[in-house]
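# Examination of the molecular architecture
Each chain is listed here by its residues.
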Amino acid sequence: MIARNPIPHPTHAPPGAHEPATAKQQFLADAAEHIRDTGHRAFVRKALGGYYKSRDTQQARYRDWEQARDAASLAKWSAVNRLDELLPRFVAAFEANGGRVHWARDAAEARAIILGLLEQANAKAVIKSKCMTSEEIHLNAALEAAGYGVVESDLGEFIQQLRGEPPYHFVFPCMHVRRDEISDLFGKHLGTPPTDSPEELTMIARRHMRRLYVEADVGITGANFLVAETGQISITENEGNARLTVALPRLHIAISGIEKVVERLDDLAVLLPMLATAGAGQPMTCYNTLYSGPRRAGERDGPEEMHLVLLDNSRTALLADAEQRDALHCIRCGACLNVCPIFKNVGGFTYGTTYQGPIGSVITPHLRGVANWNHLSGASSLCGACTDACPVRIDIHHHLLHNRRNAARTAPSRLEKLGHRLFVFVASRPWLFAAGGWLFRKSLPLAKALKPPLLSAWLATRDLPPAPRESFRAAWQRRRR
Amino acid sequence: MNVSLFIPCFVDQMAPQVGLAAATVLERLGHTVEFRPAQTCCGQPSFNAGYWDEAKAVAIRALEVFAGAEAVVGPSGSCVAMMRVFYTQLLADTPHEPAALDLAARTFEFGEFLVNKLGVTDVGARFPHRVTYHDGCHGLRELRLKDEPRQLLAAVRDLELVECDEPESCCGFGGLFSVKFPMVSTAMAEVKGGSLARTDCDYIVSSDPSCQLQLDGWFAKNLAAGGKRPRTIHLAEVLAGEPR
Amino acid sequence: MSDRTPAENTAAREAILARIREALRVPAPPPHLSGHAAAAAPEPNGRPGLMILPAEAGRPWLPDGGDTPAESLRILADNLAKLRAVFFQVPDLAAAADCLFAQARERDWQRVAWHDHPLVAGILAGIPCSTLRIDAPDEAFDKRSLEACDAGITACECLVAQTGSILVASDSCGGRALSILPHCHVVIATVDQVVPVLADALALIRDRHTANLPSMFSFITGPSRTGDIERILVLGAHGPKELIVILVG
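### Details of the pairing of strand S3 (residues 71-74) of chain B
All names here are of chain B. Judged from the three bridges that link them, strand S1 (residues 2-5) and S3 form a sheet pairing that is parallel. By the bridge assignment, Ser4 is partnered in S3 with Val72. Sheet topology note: the S3/strand S4 (residues 107-109) ladder contains three bridges and is parallel. Residue Val72 lies in a different strand from S4, and its bridge partner there is Thr107.

### So, the arrangement of the chains
Here the protein chains form two pairs of chains in contact, of which the pair with the most contacts is chains A and C. Kept free of each other, chain B and chain C leave a smallest C-alpha distance of 12 Å between them.

### Structural notes on the interface of chain A and chain C
Every contact between the two is made by 97 residues of chain A and, on the other side, 85 residues of chain C. Sort the elements by how many residues they give to the side of chain A that touches chain C and helix H3 (residues 65-80) of chain A lands first, with 10 residues. Its residues placed into classes, the side of chain A that touches chain C shows 46 nonpolar, 24 polar and 27 charged. Relative to strand S9 (residues 216-220) of chain C, strand S9 (residues 287-291) of chain A runs antiparallel, the two being bridged by five bridges. Of the residues in S9(C), the one forming a bridge with A:Tyr287 is C:Ile220.

### Description of the packing of helix H4 (residues 83-96) of chain A against helix H1 (residues 6-23) of chain C
For the pair H4(A) and H1(C), the least separation of the axes is 9 Å and the interaxial angle reads 150°. Considering their axes alone, H4(A) and H1(C) lie roughly antiparallel with respect to each other. Taken together, the residues of H1(C) that come into contact with H4(A) (itself represented by A:Leu83, A:Asp84, A:Leu87 and A:Pro88) are C:Leu17, C:Ile20 and C:Arg21. For the contact of H4(A) with H1(C), the residue count by class is five nonpolar, no polar and two charged.

### Notes on helix H9 (residues 147-154) of chain B
Within the sequence span of H9(B), burial applies to B:Glu148, B:Pro149, B:Leu152 and B:Leu153. Down the axis of H9(B), the sector holding all buried residues measures 130°, keeping them to one side.

### A word on the sheet that holds strand S1 (residues 86-90) of chain C
Strand pairing within a sheet occurs via backbone hydrogen bonds; the two strands may be parallel or antiparallel. All names here are of chain C. Pairing is parallel in the open sheet, where six strands are placed in the order S1-S12-S7-S4-S2-S3. Looking at strand neighbours, the two that pair on one side only are S1 and strand S3 (130-133), the edges of this open sheet. Direction aside, neighbouring strands of the sheet carry axes that sit 20° apart on average. One ladder, built from four bridges, connects strand S2 (residues 111-114) with S3; its direction is parallel. Opposite Trp114, over in S3, you have Arg133 as the bridge partner. On the sheet, helix H3 (residues 93-107) packs against S1, strand S7 (184-190) and strand S12 (242-248) and is oriented at approximately 160° with respect to S12.

### Here we look at the domain arrangement of chain B
Residues and elements named next belong to chain B. Assigned domains within chain B: domain 1 (2-117) and domain 2 (130-240). Computed over C-alpha atoms only, the centres of domain 1 and domain 2 are separated by 22 Å. With 29 residues of domain 1 at the interface, the matching set in domain 2 holds 22 residues. Of all the secondary structure elements, the ones that give two or more residues to the side of domain 1 that touches domain 2 are helix H1 (9-14), helix H2 (16-28), helix H3 (44-49), helix H5 (77-90) and helix H7 (110-117). For the side of domain 1 that touches domain 2, the residue count by class is 17 nonpolar, nine polar and three charged.

### Topic: the packing of helix H9 (residues 179-190) of chain A against helix H10 (residues 198-215) of chain A
All names here are of chain A. Between H9 and H10, the least distance of the axes is 10 Å, while the angle of their chain directions is 30°. By the angle class used here, H9 and H10 are roughly parallel. In the packing of H9 onto H10, the handedness of the crossing is left-handed. From H9, Arg179, Ile182, Ser183, Phe186 and Leu190 reach across to H10, where they touch Pro198, Leu201, Ile204 and His208.

### Things to note about the domain arrangement of chain A
Domain boundaries in chain A define domain 1 (1-177 + 217-412) and domain 2 (429-480). With centres defined by C-alpha atoms, the gap from domain 1 of chain A to domain 2 of chain A works out at 47 Å.

### Here we look at the environment of A:Val246
With respect to the element layout, A:Val246 can be found in helix H11 (residues 241-247). For the pair A:Val246 and A:Met306, spaced 60 residues apart in sequence, the C-alpha to C-alpha distance is 9.3 Å.

### Structural notes on unusual backbone geometry
Not every positive phi belongs to a glycine, and A:Arg393 is a case in point at roughly 55°. Along the polypeptide, A:Arg393 turns up in the loop between helix H19 (385-389) and helix H20 (396-410). Residue C:Asp108 is not a glycine yet carries a positive backbone phi of 60°. Take C:Asp108: it is sitting in the loop between H3 and S2. The exposed category is assigned to C:Asp108, around which 9 C-beta atoms lie within 10 Å.

Calculation criteria
- Residues numbered from 1 in each chain as written.
- Chains lettered and ligands numbered in written order.
- Predicted model: local features only at pLDDT ≥ 70, side-chain atom pairs only at ≥ 80, totals over all residues.
- Pairing = 2+ DSSP bridges.
- Helix = DSSP H or I, 4+ residues; strand = E, 2+ residues; numbered from the N terminus.
- Contact = placed C-beta atoms within 7 Å.
- Nonpolar A, V, L, I, M, F, W, Y, C, P; charged D, E, K, R; others polar.
- Axes fitted to C-alpha atoms, helices over the stretch in contact; angles between N-to-C directions.
- Parallel < 35°, antiparallel > 145°, perpendicular 65-115°, else oblique.
- Buried ≥ 20, exposed ≤ 12 C-beta atoms within 10 Å, placed from the backbone.
- Arc of directions from axis to C-beta.
- Domains from an automatic or database assignment.
- Left-handed = near helix turned anticlockwise from the far one by under 90°.

Now the structure itself:
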């Protein structure tokens, strides 16, 4: 039997969770610190190098990857834009199969529902498989505070749990951790001998978990898709821990955002392979499992009860923004993180919130408020690699622009607005523009010495070329004579 | 054809040789080139910062400046993307939308104009150096240009083109991003600059002067002593056969 | 923590659905498609503006699943090899039994678990190790005994050539745990169970919906694996470390 609270609580605030009021300053500080750690950055880039190779190989096996993206994006667009019809349809089908649905307007409600279910079930030991929605609602902390021992069964999540850190990447939670660090971690918490073999480390976790699967009485999972046609939930994983989490305990609780609905089972014929290919460079993830409810009469094993918690938590706010509604099409593959130069240089914790990377930067202001989180939309060069990588064609980098526009409208910086107004004034008068340009070129050497705010930010790490003697327009006039 | 040059504000004030090289190439091919001095800026800095009302004012002016031009050609992927892709968004549901759509249909990036509009890949240039090409993000992802500059470079006599290991990754400029998040911008320059330098090239060819500013700026500060320091050069300058 | 009342649940449901309806009053434009022909199919309920690509099982843009049974079989074998599953094709049940016994000896199995299906029952007699039938009618399901077994032997619903996946169901393949808990999973199947593409397997699932839908279907694509440690692929995370497929026919 698992002892109460076997996982040690961190004594300091964990990384990756910024206080909203100081989130921007914290972002800049964390980014600078992470960037200085060139070894860490190189390690992450090396790990991703393998992903790029597999992804390219696997993508080439699609006879038309772009058309596959079309199909996937239309499947999600069609579902999300008919959520009013499809979500009730899903719920009716699911409940007809014997499962129970609980509706949660926000994170607090979801936590209360789950704690209530655990109490009703007189649960002692809880095992969890990977669920970003549970991270979003800070479920583990609530369960531990209520005295339940919670173990993350996914290897990466388990490692992060032992480290007292949230996931670094929502598909590869511990991609930033070296094997020797994992060896030390297991030695410290599980008493196992040191090893630098990934196979051995995986076996250590496997042996540790097997006992827990058999002993746990509650399994908590997420869901990747909710199939309206059949009332099944679809769970994708490589390790088999989710299947084990749901096979043996007597109670299964699944948590899902309301936007995970797809209309037809057939939609999975495109979405499952693409989730695997974009997310991990695989043809299919190892286990894709459809659950329709608790064990049926005549079935040998399986939970006696299955509960599904459907979570809003501001998803309806994002739904109401027709321009950015497609951000809800996200299938959480993580491809946008994998290609983002910002993510690769600042790391997953710098974002300071549950969902990192480009898609996280798009949705966080909607889920948690523009005022404190819009710096994430600013922290991008808008290169667009994310949008190109997205299997469901979310217009990610353009949404970052839209977020910036929304912030400028609702909470503009007075100084910035004045600056832009001034630039427009000058740019509307060619003679003034030419004069301003001349002045800029002539004063550049002085400016380099004085280093006013924006210029100093540039000059700290980069040089500026000397100003040319004349502008193009002046040279052109000369040339025409 | 009658080509109206679109000279981005940055090129006008800080990199005039790029505009002059573009004009040289076009005239060499037998086209008439004009420069309308009423032009100033495309408005992208305000647009990217989210100040769309301000950007609109600049965009509307640009529509007037280039009204009636047969072809508007600019040596900058990001500025051409602004005019061709984002003006229609910016001016959607306004009386200026038709004019924006009209301008978009006749605005081209320089390399794109040569290959896709004029059907020309060999402009008779010679550039006896080892070069690599940096794909600027706007040109690559907003204008969908990838092969065009490479086709043009392949036809340049005595030029050796090598690809770096990550031609498509962002240099980190991103406009005001470069000074609002300078550490991140610099880290990106470091990564891309390293990749470009590993080709052991003499020149890095780009179709975006802002990328050139970022990369040159980083190289100047970080690759000073020892090792070869590649210099950036605009595609138009290579094709005009005028190395700096 | 008190239990939530049905009325509270209903109130939350109504609130969320109301917000959804309100949000969807403004339509969102479709995604920017790649320019391939996208058929604009009218929706059955007449909602305007929705475009759905034809849902043909073929879906020519996905990876190949084979146009003939022979081709599908070849693709299946190729994919299983890439996934590092162990694959045998044998002419009949007797050969399948020999194959299974050889695996048992080679791996030194002490005990294997099985369920009562003609294909499975038909080849177990004489296996050189002890066996545990998990669906014996007079015995309760014993998860601890199952955990100690070296292998779980199951039938399957079908095999998908396109992805190299095996489809199992909780009613026809011995429940949920048999194919996931033991260290090795052995699948006994027949050649006519091979389908070209994933969409065919999903259609099979959907066709069973009108009758008694089993509580679990699972697509198994290779032995269990993880890439969590430095993104290095390791086989045998929590699920079976080995997947053995014996195809009869």
